[in-house]
Amino acid sequence: MDASLHDLADIAVDSALRLGADYADARVRSDWGHRVTLRNGSPDPPASFSSMGIGVRVLVGRSMAFGSTNRLDARSVEELVGSLVRIAGSASRIGGVEGLSREDPSIATWRAAESRRLEDVDPRELLEGARSMDSAATSAGAEIVGRWISMHLSVEEKYLRTSDGSRITSRVPRIFAFALLTARDGSRVMQRTVEIGGSGGWELVSGMDFPGRISRESKDLVEVLRKAEPEDLSDVKSVIVGPEISGIMAHESIGHPFEADRILGREAAQAGGSYVGRDGLGTRVGGPEAFVSDDPTIPGSYGYYEYDEEGVPARRKRLMVAGTVNEFLHDRETARVFGVHSNGSARSSEYSREPIPRMSNTFVEPGDRTLEELMEEAGRALLLESYMEWNIDDKRENQRYVGLKAYLVEGGRPGKLVLNPVLEVTSQRLWSSVVARGKVVEFSPGTCGKGEPMQGVPVWFGGPHMLIKGISLGRR
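Since the model is a prediction, treat every value here as computed from it, not as a measurement. Positions within a chain are numbered from 1, following the residues in the order the chain's sequence is written. Residues qualify for local features only when their pLDDT is at least 70, as the model is predicted, and side-chain atom pairs are given and counted only at 80 or more; totals for whole chains, interfaces and linings, by contrast, use all residues. Excluding hydrogens and water, the side-chain values take into account all heavy atoms of the structure.

## Side note on the nonpolar core
Condition: For our purposes a nonpolar core is just a set of buried Ala, Val, Leu, Ile, Met, Phe, Trp, Tyr and Cys residues, chained together by side-chain atoms within 4.5 Å. Exposure categories follow from relative accessible area, calculated using a 1.4 Å probe and restricted to protein chains: below 20% of the type maximum is buried, above 50% is exposed, and the middle band is partly exposed. Secondary structure elements are taken from DSSP: a helix is a run of H or I of four residues or more, a strand is a run of E of two residues or more, and numbering for both begins at the N terminus. Residue ranges for the domains trace back to a domain assignment, done automatically or taken from a database.
Grouped together as the largest cluster of nonpolar side chains are 46 residues, with contacts concentrated most on Met151, Ile175, Trp202, Phe210 and Ile214. Top element by residues in this core is helix α5 (residues 210-227). It accounts for six residues. Residues lining this core come from more than one domain, with at least three contributed by each of domain 1 (3-227) and domain 2 (238-475). Grouped together as the second largest cluster of nonpolar side chains are 45 residues, Leu233, Phe258, Trp431 and Val457 included.

The structure is reproduced here in structure tokens:
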């Protein structure tokens, strides 16, 4: 981003204060990227995108207004600010914003580590990367009849200025790969989605072994297709979920309901509500082995950042500690309502979207067991390594997971593959039934959706293997 564009954020904030705003912030942001897609090995036309603009928030009395423009000249920015101050001012007597939490101003320049800049990657290299994943999928067997594979490079650059003194410059390159694999054997059909990615330069492709991951996932899919059989699970009361499933459980049933704006009801007509009440801090929703954190500072993570979009330093948030609600995800607006400091959770997906409380990298914290020890402790159990589908209600209370790679465990060893096992449980029952956790945490990337207009932001979710006892299993 041309550093001269930073002046526009300074013009926006200074203009807002001059016109009578009590607070203002402005973020100049550019997003750039390339995407290639293969459908059964045939490339779609490659796609490129870029956007650049400025988003401005002003607070007048008890009313907040947000607006944006991609006309990057001083006159257009001043016109935008003028309209925002008038709108906020006219609504200030009825506005419901209590203000923003007081935070120390930050002045910083940060960037995600990268060895080879994504701007230097030829689109043909991107296509070859997708082709290598496609070849890895086809080598798994003739049963892989459908392959939809895409690779996506993006670079996000921002400059933030707030009226209370923060000035933050940042750059985050990211790589993301997605595969939808379909396997068929006669009338039996199965599908698997695979997502791989993180923040960094082109070196991530080899570092994360994108083709190797697709190869393993394709072979697993073929093995399940060939060997999995229905099993009566009515007498199985223990399940060991793998990192992919403990991660999505942490994201969906702890991360989302712990977003403070959701607790306050702002998301009720959009993403939904929460089973946690406004006075939920300190209440118990799980057992002594239930620990979930959110941490944007993990190097190389897909949800990586060092300062949030209000200039607050990022840090790890321990959302649930030993089953007790320990901390919510706050921006400065919700922090003011709850009488706490912001914990640096404000994010937005592009310059034309307002920052709101979001997750980053949400995960179940590691325990002290190996997978072998968990299987010994489990007795007759189901080892649920991956899912084919999941869903959860809008209060994040009732959830259901249909397993893909799932083994019946007996005598401390994984045995036969089980077809379409179903775990359906409430959040409180789930987290109260966790009795042990593995030592090794693994992460998966994803795009978390929230807000109106919809904002998709990059996240990781993860965890270790996790032993859950005293629950019922079914089958589809």
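There's plenty left to go through after this.
## With respect to the side chain of Ser345
This is how the line gets drawn: Whether two residues are in contact is decided by their heavy atoms, any of which lying within 4.5 Å being enough.
Along the polypeptide, Ser345 turns up in the loop between α8 (332-338) and β13 (346-347). Ser345 gets classed as buried once you look at its relative accessible area, which sits at 0%. Ser345 has contacts with Tyr305, Asp308, Lys317, Leu329, His330, Ile356, Pro357 and Arg358, leaving out every residue within four places of it along the chain.

## Things to note about the sheet that holds strand β12 (residues 324-325)
The criterion, for reference: The pairing criterion for strands is at least two bridges between them, as found by DSSP. To obtain each axis, a line is fitted to C-alpha atoms, and for helices this fit is confined to the stretch in contact; angles are then taken between N-to-C directions over 0 to 180 degrees.
Ordered by their spatial adjacency, six strands build an open sheet running β12-β11-β10-β15-β24-β23, and the pairing between neighbours is mixed. For this open sheet the edge positions go to β12 and β23 (442-450), each flanked by a neighbour on one side alone. Here strand β10 (residues 292-294) runs beside strand β11 (residues 317-321); their pairing, made up of three bridges, is antiparallel. Note that in β11 the partner of Ser293 across the bridge is Arg318. Contacting β10, β11, β15 (361-364), β23 and β24 (455-463), helix α6 (residues 243-255) crosses the sheet at an angle of about 130 degrees to β24.

## Concerning the pairing of strand β19 (residues 406-410)
The element β19 is largely enclosed, with a buried count of four among its five residues. Note that strand β16 (residues 381-384) and β19 share four bridges and pair antiparallel. Following the sheet pairing, Leu384 is matched in β19 by Ala406. Two elements, β19 and strand β20 (residues 413-417), share three bridges in a ladder whose sense is antiparallel.

## A look at the packing of helix α1 (residues 6-18) against helix α2 (residues 74-91)
Condition: By definition, any crossing whose near helix is turned counterclockwise from its far helix by less than a right angle is left-handed, and any crossing with a clockwise turn is right-handed. Just so you know the grouping, Ala, Val, Leu, Ile, Met, Phe, Trp, Tyr, Cys and Pro go in nonpolar, Asp, Glu, Lys and Arg go in charged, and all remaining residues, Gly too, go in polar.
Between α1 and α2, the shortest axis-to-axis distance is 9 Å and the interhelical angle comes to 35 degrees. For the crossing formed where α1 meets α2, the hand is right-handed. Within the contact between the two elements, α1 uses Leu8, Ile11, Ala12, Ser15, Ala16 and Arg18 and α2 uses Ala74, Val77, Glu78, Val81 and Val85. Considering only residue class, the contact of α1 with α2 consists of eight nonpolar, one polar and two charged.

## Considerations on unusual backbone geometry
Backbone torsion omega between Glu452 and Pro453 reads 5 degrees, so that peptide bond is classified as cis. With phi around 50 degrees, Ala322 is a residue other than glycine that occupies positive phi space. Along the chain, the position of Ala322 falls in the loop between β11 and β12. Accessibility expressed as a relative area gives 23% for Ala322, which makes it partly exposed.

## Here's the deal with the environment of Tyr304
Rules: Between N or O atoms, a polar contact is any pair within 3.5 Å; within protein, one atom must be a potential hydrogen donor and the other a potential acceptor, and residues adjacent in sequence are included only when both atoms are from side chains.
With respect to the helices and strands, Tyr304 occurs in the loop between β10 and β11. Accessibility expressed as a relative area gives 10% for Tyr304, which makes it buried. Taking the C-alpha atoms as reference, Tyr304 lies 23 Å from Val321; in sequence the two are 17 residues apart. Ignoring anything within four residues of it in the chain, the contact list for Tyr304 reads Trp110, Ala112, Val172, Arg174, Ser199, Pro296, Thr297, Ile298, Pro299 and Asn361. There is a polar contact of 2.5 Å between the side chain of Tyr304 and the side chain of Glu306.

## Things to note about the packing of aromatic side chains
Quick reminder of the rule: Centre distance within 6.5 Å is the pairing criterion for rings of Phe, Tyr and Trp, where only the six-membered ring of Trp is used; planes under 30 degrees apart are then read as stacked, over 60 as edge-to-face, and the remainder as tilted. Two limits define a charge over a ring: the Lys NZ or Arg CZ must be within 6 Å of the ring centre, and within 35 degrees of the ring normal.
Evaluated as defined, the whole model comprises seven aromatic pairs. Centre to centre, the rings of Trp110 and Tyr304 are 6.0 Å apart; their planes meet at 75 degrees, and the pair counts as edge-to-face. In this pair, Trp110 sits in strand β5 (residues 107-111) while Tyr304 sits in the loop between β10 and β11, placing the two residues 194 residues apart along the sequence. Judged on exposure class, the residue Trp110 and its partner Tyr304 are both buried. Feature note: the residues Phe258, Phe328 and Phe338 constitute an aromatic cluster, connected by ring pairs. The ring of Phe338 is capped by Arg278, whose NZ or CZ atom sits 5.9 Å from the centre of that ring.

## So, the packing of helix α3 (residues 123-138) against α5
Going by this rule: Any angle that falls under 35 degrees is termed roughly parallel, while one over 145 is termed roughly antiparallel, one within 65 to 115 roughly perpendicular, and all others oblique.
Contact geometry for α3 and α5: axes closest at 8 Å, N-to-C directions at 25 degrees. Taken together, the axis directions place α3 and α5 in an arrangement best described as roughly parallel. Crossing angle aside, the handedness with which α3 passes α5 is right-handed. Contact with α3, carried on its side by Ser132, Met133, Ala136 and Ala137, involves Phe210, Pro211, Ile214, Ser215 and Ser218 of α5 and no other residues of that element.

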